[in-house]
Number of protein chains: 2
Amino acid sequence: MTATADEDRYREKMAHRKAIQDEEVASKTEERGLFAVHTGTGKGKSTAAFGLALRMLGRGKRIVVVQFIKGAWDTGERHALERFGDMVEWHALGEGFTWETQDRTRDIASCERAWAVAELALKREDVALVILDELNIALRYDYIAPERVLASIAARPKMQHVWVTGRNAKQAVIEAADLVTEMTLVKHHFKAGVKAQEGVEF
Amino acid sequence: MTATADEDRYREKMAHRKAIQDEEVASKTEERGLFAVHTGTGKGKSTAAFGLALRMLGRGKRIVVVQFIKGAWDTGERHALERFGDMVEWHALGEGFTWETQDRTRDIASCERAWAVAELALKREDVALVILDELNIALRYDYIAPERVLASIAARPKMQHVWVTGRNAKQAVIEAADLVTEMTLVKHHFKAGVKAQEGVEF
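Residues numbered from 1 in each chain as written. Chains lettered and ligands numbered in written order. Predicted model: local features only at pLDDT ≥ 70, side-chain atom pairs only at ≥ 80, totals over all residues. Heavy atoms only, no water.

J.: Would you take a moment to explain the overall build of chain A for this structure?
T.: From N to C terminus, chain A includes eight helices and six strands. Along its sequence from the N terminus, chain A presents helices and strands in the succession α-β-α-β-α-β-α-α-β-α-α-β-α-β. Out of the 202 residues in chain A, the part that is buried amounts to 51%. Restricting the contact set of chain A to residue pairs at least 6 apart, pairs at least 24 apart contribute 80%. Counting every atom, chain A has about 8,900 Å² of accessible surface; 51% of that belongs to carbon and sulfur. Chain A carries 30 positive and 31 negative side-chain charges, and their two centres are separated by 2 Å. (Helix = DSSP H or I, 4+ residues; strand = E, 2+ residues; numbered from the N terminus. Buried < 20%, exposed > 50% of the residue type's maximum accessible area, 1.4 Å probe, protein only. Contact = heavy atoms within 4.5 Å. Areas by Shrake-Rupley, 256 points an atom, 1.4 Å probe, with all protein chains shown as cover. Lys, Arg positive; Asp, Glu negative; His and termini not counted. Charge placed at Lys NZ, Arg CZ, Asp CG, Glu CD.)

Spelled out as structure tokens, the structure:
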């Protein structure tokens, strides 16, 4: 086959893909807030949610983050998001991972405090995105009932997006969501003896 | 079993987990730049890389982003990252997805331009993170040879992190990387007729 025939075939193949793509895009007409879940054991669940927060802020939209597990929060994200002033509300209301606290009553109490803040955010028309970080973990340990969570998410303002992160998402949560991504760990540098590093892990 | 016995068991289980966790963390001693890959057909590959950029910026570290496919770039991320001034260098050097351009020669030329910029970044000691966005797609279509890419990544400054995104990561890339996360699509709102929305998809 000549180089020109190659080029022609390439053009034809790509034209076909473009036609499919265009048709697919045209068939989507609804605009509404999305309920998304990032789950799985791989890295990037919370990080992708914060990347989305960045995109929203770039569009002038207001965001609220509620962290259910992480507390005493001094991470790179916080420093960076301080630049956006009152467009960002960040609530780190956890008290560490459960194996740090070793006290179920306390874990439940801190989850209730975080949920109270989340519920307020889920009622606000001026908030474009609510990130409920590591909520799946709180649900998994039965710190809070999924029915309560799903009822508040369902009743939120029509255009509000809500992003829930954390491994082991419950089936009921997956069923209720519009978009679910599972982050799968294929390979991890900890195995090679590399430690958690500033800017990467925190 | 009494409530107290329940509490005790919980405490014991969590103490056990904490011990394992602590031991694991203590065994990691090396500090060096990581080479990570986000692949898979799910959402969040680029978004998680931008979330990491945010974390790096919060730690006062300099980043360079080279986009191999996306061009004519006016997304939420750009607007948001403008706030960080010269700590961020963003090069959107693609000319759209290949089914948009339908011209292989042009696709290869634009990939070469992007790679030239990437190579410069991969030599800079002052750059903490280089994001090579959608490079996997350029590799997949043979716009650039993986050997060239992997040699430059291997020769970069010791503390520099490099993040490569895009579906269909080549096996050679996966083997060379320290950290590989596959984003798997479990459920997508496009199926429900919801269109791409500002702040979410762009």
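Structure's up, so let's keep going.
J.: Even after reading the chapter, I still don't get the interface of chain B and chain A, so can you show me in this structure?
T.: The accessible area lost on association of the parts is a frequent measure of interface size. Taken together, the 78 residues of chain B in the interface contact 78 residues of chain A. Between chain B and chain A lies a buried interface of about 7,500 Å² when both sides are counted; carbon and sulfur atoms form 56% of it. At the boundary of chain B and chain A, one finds nine residue pairs in polar contact (both at pLDDT 80 or more). For the side of chain B that touches chain A, the class distribution of residues is 30 nonpolar, 21 polar and 27 charged. When strand β6 (residues 179–187) of chain A meets strand β6 (residues 179–187) of chain B, the two strands line up antiparallel, connected through seven bridges. Opposite A:Thr181, over in β6(B), you have B:Leu185 as the bridge partner. (Buried area = accessible area lost by both parts, 1.4 Å probe. Polar contact = N/O pair within 3.5 Å; in protein donor to acceptor, adjacent residues only side chain to side chain. Nonpolar A, V, L, I, M, F, W, Y, C, P; charged D, E, K, R; others polar. Pairing = 2+ DSSP bridges.)

J.: Which parts of the structure should I look at to understand the pattern of salt bridges?
T.: Opposite charge on two side chains lets them pair, provided their charged atoms get close. Residue and element names in this part refer to chain A. A full pass over the atoms with the stated rule returns 18 salt bridges over all chains. For Lys-170, the salt bridge is made with Asp-142, and the minimal N-O distance between the two is 3.3 Å. Pair noted here: Lys-170 is in the loop between β5 (161–165) and α8 (171–176) and Asp-142 is in the loop between α6 (135–140) and α7 (146–154), with a separation of 28 residues, a long-range link. For Lys-170, a relative accessible area of 25% gives the class partly exposed. When its relative accessible area of 49% is taken as the criterion, Asp-142 is described as partly exposed. (Salt bridge = Lys/Arg side-chain N within 4 Å of Asp/Glu carboxyl O.)

J.: Just to check I follow, could you spell out the packing of helix α5 (residues 104–121) of chain A against α7(A) for this structure?
T.: Working note: a packed helix pair is described by the angle between its axes plus the distance between those axes. Residues and elements named next belong to chain A. As a packed pair, α5 and α7 sit with axes 11 Å apart at the nearest point and diverge in direction by 15°. Comparing their axes, α7 and α5 come out roughly parallel. For the pair α5 and α7, the crossing hand works out as left-handed. Facing Glu-112, Trp-115 and Glu-119 of α5, the residues of α7 in contact are Arg-148, Val-149 and Ser-152. Looking at the contact of α5 with α7 residue by residue, the class counts come to two nonpolar, one polar and three charged. (Axes fitted to C-alpha atoms, helices over the stretch in contact; angles between N-to-C directions. Parallel < 35°, antiparallel > 145°, perpendicular 65-115°, else oblique. Left-handed = near helix turned anticlockwise from the far one by under 90°.)

J.: What's the story with the side chain of A:Thr47 in this structure? I'm lost.
T.: With respect to the helices and strands, A:Thr47 occurs in helix α2 (residues 45–58). Given a relative accessible area of 11%, A:Thr47 falls into the buried group. Not counting chain neighbours up to four residues away, the residues in contact with A:Thr47 comprise B:Thr47, B:Ala48, B:Gly51, B:Leu52 and B:Arg55.

J.: Would you mind showing me how to read the environment of A:Val66 here?
T.: Residues and elements named next belong to chain A. Examined against the element boundaries, Val-66 turns out to sit in strand β2 (residues 63–67). Here the alpha-carbon distance between Val-66 and Val-194, two residues 128 residues apart in the chain, equals 30 Å. Among residues more than four places away in sequence, those in contact with Val-66 are His-91, Leu-93, Ala-114, Val-117, Ala-118, Ile-131, Leu-132 and Asp-133.

J.: How do you make sense of the environment of A:Glu147 when you look at a structure like this?
T.: Summarising the element assignment, A:Glu147 is placed in helix α7. The spacing of A:Glu147 and A:Val173 is 26 residues in sequence and 9.3 Å in space, taken between C-alpha atoms.

J.: Would you mind showing me how to read the pairing of strand β5 (residues 161–165) of chain B here?
T.: For a regular strand, side chains alternate in direction, first toward one face of the sheet and then toward the other. Residues and elements named next belong to chain B. Of all five residues in β5, five are buried; the element is thus mostly enclosed. Residues His-161, Trp-163 and Thr-165 line one face of β5 and the alternating positions Val-162 and Val-164 line the opposite face, and both faces are buried. Where strand β1 (residues 35–39) meets β5, four bridges bridge the pair, whose relative direction is parallel. Along β5, the bridge assignment pairs His-38 with Thr-165. Where strand β4 (residues 129–133) lies against β5, four bridges are found, and the strand directions are parallel. Residue Val-130 lies in a different strand from β5, and its bridge partner there is Val-162.

J.: What's the story with the nonpolar core in this structure? I'm lost.
T.: Taken as a class, soluble globular proteins show a tendency for nonpolar side chains to be buried jointly. Of all hydrophobic cores here, the largest spans 46 residues; its most connected members are A:Trp163 and B:Trp163. Contact partners of A:Trp163, with chain neighbours within four places excluded, come to A:Leu34, A:Ala36, A:His38, A:Ala49, A:Leu52, A:Leu129, A:Val130, A:Ile131, A:Leu132, A:Leu179 and B:Val200. (Core = buried A, V, L, I, M, F, W, Y, C linked by side-chain atoms within 4.5 Å.)

J.: Sorry if this is basic, but what is going on with the relation of the copies chain B and chain A here?
T.: What relates the pair of chain copies is a rotation about an axis plus a shift along that axis. Least-squares fitting of chain B to chain A yields an RMSD of 0.0 Å, with the superposition described by an axial translation of 0.0 Å and a rotation of 180°. Both copies are brought into coincidence by an operation consistent with a two-fold rotation axis. Take the interface residues of chain B: 100% of them recur as interface residues in chain A, which is what a same-surface contact looks like. (Least-squares fit on C-alpha atoms with pLDDT ≥ 70 in both.)

J.: Teacher, can you tell me more about the packing of aromatic side chains here?
T.: The description of an aromatic ring pair uses the distance of the two centres, along with the angle that the planes make with each other. Residues and elements named next belong to chain A. Counting across every chain of the model gives five aromatic pairs over all chains. With a centroid separation of 5.8 Å and 20° between ring planes, the pair formed by Tyr-141 and Tyr-143 is classed as stacked. Assigned by exposure class, Tyr-141 and Tyr-143 land together as buried. Of note, Arg-140 hangs over the ring of Tyr-141, and the distance from its end group to the ring centre comes to 5.3 Å. (Phe/Tyr/Trp six-rings, centres within 6.5 Å; stacked < 30°, edge-to-face > 60°. Lys NZ or Arg CZ within 6 Å of the ring centre and 35° of its normal.)

J.: In this structure, what is going on with the sheet that holds strand β1 (residues 35–39) of chain A? I would like to understand it.
T.: To summarise the sheet geometry, strands pair through backbone hydrogen bonds and adopt either a parallel or an antiparallel arrangement. Strands sit in the order β3(A)-β2(A)-β4(A)-β5(A)-β1(A)-β6(A)-β6(B)-β1(B)-β5(B)-β4(B)-β2(B)-β3(B) across an open sheet of twelve strands; the sheet is mixed. Each edge of the open sheet carries a strand with a single partner, namely β3 (88–92) of chain A together with β3 (88–92) of chain B. Neighbouring strand axes in the sheet, compared pairwise and without regard to direction, differ in orientation by 15° on average. With five bridges joining them, β2(A) and β3(A) adopt parallel strand pairing. Note on β3(A): the bridge partner recorded for A:Val65 is A:Trp90. Each of β2, β3 and β4 (129–133) of chain A is contacted by α5(A), which is oriented at about 160° to β2(A), the strand it contacts most.

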